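Coordinate inspection notes
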Amino acid sequence: AARRHRRVRPPLRARAVVVALSPKVALESICFEPRLPERRRQLVGQLALGAYSKFVLVYETAWWRGDGLSGSSICSDASEEWPIFATFDYVHEAHGEQRRLHALVAFATAELARATAELSPEQRRGRGDAGGR
């Protein structure tokens, strides 16, 4: 059985803070003082996160750059028909090697994310086709 280990840390005091956690995780992980209002705690405790997945599509070359494309995109109306809501160019040179990693990082939502979560890592590999490239 998995056990959750909590580290005790000294309290932090600040006039403002940016919390980069889902509301539910923040509620479960942070001891707010003064305590959050009961209605807020109940609301946050009932929130369900959406389905999101991150894909890393690795290629031999950064072909999109050769086509004059940046590799970055934002879709303001991702849907079941087009579940990719963001892509980013990622070209990385490994330290001490002559090898470069050419990749597009894509974020998906909805059914594609849920369907992908059901696949084994082996099933996920090799599924991208990027127009036959």
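Scope of this entry: the structure provided in the associated data block. Since the model is a prediction, treat every value here as computed from it, not as a measurement. For every chain, the first residue of the written sequence is number 1, and numbering continues from 1 onward in sequence order. In keeping with the model being predicted, local features are shown solely for residues with a pLDDT of at least 70 and side-chain atom pairs are shown and tallied solely at 80 or more, while totals for entire chains, interfaces and linings include all residues. Note that the side-chain values use all heavy atoms of the structure and ignore hydrogens as well as water.

Some thoughts on the side chain of threonine 87
We count it as follows: Note on conventions: DSSP H or I runs of at least 4 residues are helices, E runs of at least 2 residues are strands, and numbering of each starts at the N terminus. The classification of residues rests on relative accessible area computed with a 1.4 Å probe and restricted to protein chains. Under 20% of the type maximum is buried, over 50% is exposed, and intermediate values are partly exposed. Here a polar contact is recorded for every N or O atom pair within 3.5 Å, except that within protein the pair must consist of a potential hydrogen donor and a potential acceptor, and residues adjacent in sequence are included only if both atoms are side-chain atoms. We call two residues in contact when some of their heavy atoms are within 4.5 Å.
Structurally, threonine 87 is set in strand β3 (residues 84-93). Taking the relative accessible area as the measure of exposure, threonine 87 reaches 17% and is therefore buried. There is a polar contact of 3.0 Å between the side chain of threonine 87 and the backbone oxygen of glycine 71. Among the polar contacts made by the side chain of threonine 87, one reaches the side chain of serine 73 at a distance of 2.6 Å. Residue contacts for threonine 87: discarding those within four places in its chain leaves Gly71, Ser72, Ser73, Val105 and Ala106.

Section: the pattern of salt bridges
Our working definition: Any Lys or Arg side-chain nitrogen found within 4 Å of a carboxyl oxygen on Asp or Glu counts as a salt bridge.
One pass over the full model with this rule turns up two salt bridges. A salt bridge links glutamate 38 to arginine 41, with the shortest nitrogen-to-oxygen separation between them at 2.7 Å. A residue pair is termed a helical-turn pair when its members lie 3 or 4 positions apart in one helix, as glutamate 38 and arginine 41 do in helix α2 (residues 38-46) at three residues. The salt bridge partner of aspartate 89 is arginine 65, with a shortest N-O separation of 2.9 Å. Taken as a pair, aspartate 89 in strand β3 and arginine 65 in helix α3 (residues 63-66) lie far apart in primary sequence, 24 residues in all.

Re helix α4 (residues 110-117)
Note the cut-off: Arc definition: directions from the helix axis to the C-beta atoms.
Looking only at α4, the buried set comprises Ala110, Ala113 and Thr116. Projected onto a plane normal to the axis of α4, the buried residues spread over an arc of 145 degrees and lie on a single side. Among the structural elements, β1 (52-59), β4 (100-109) and α5 (121-124) are those in contact with the buried residues of α4.

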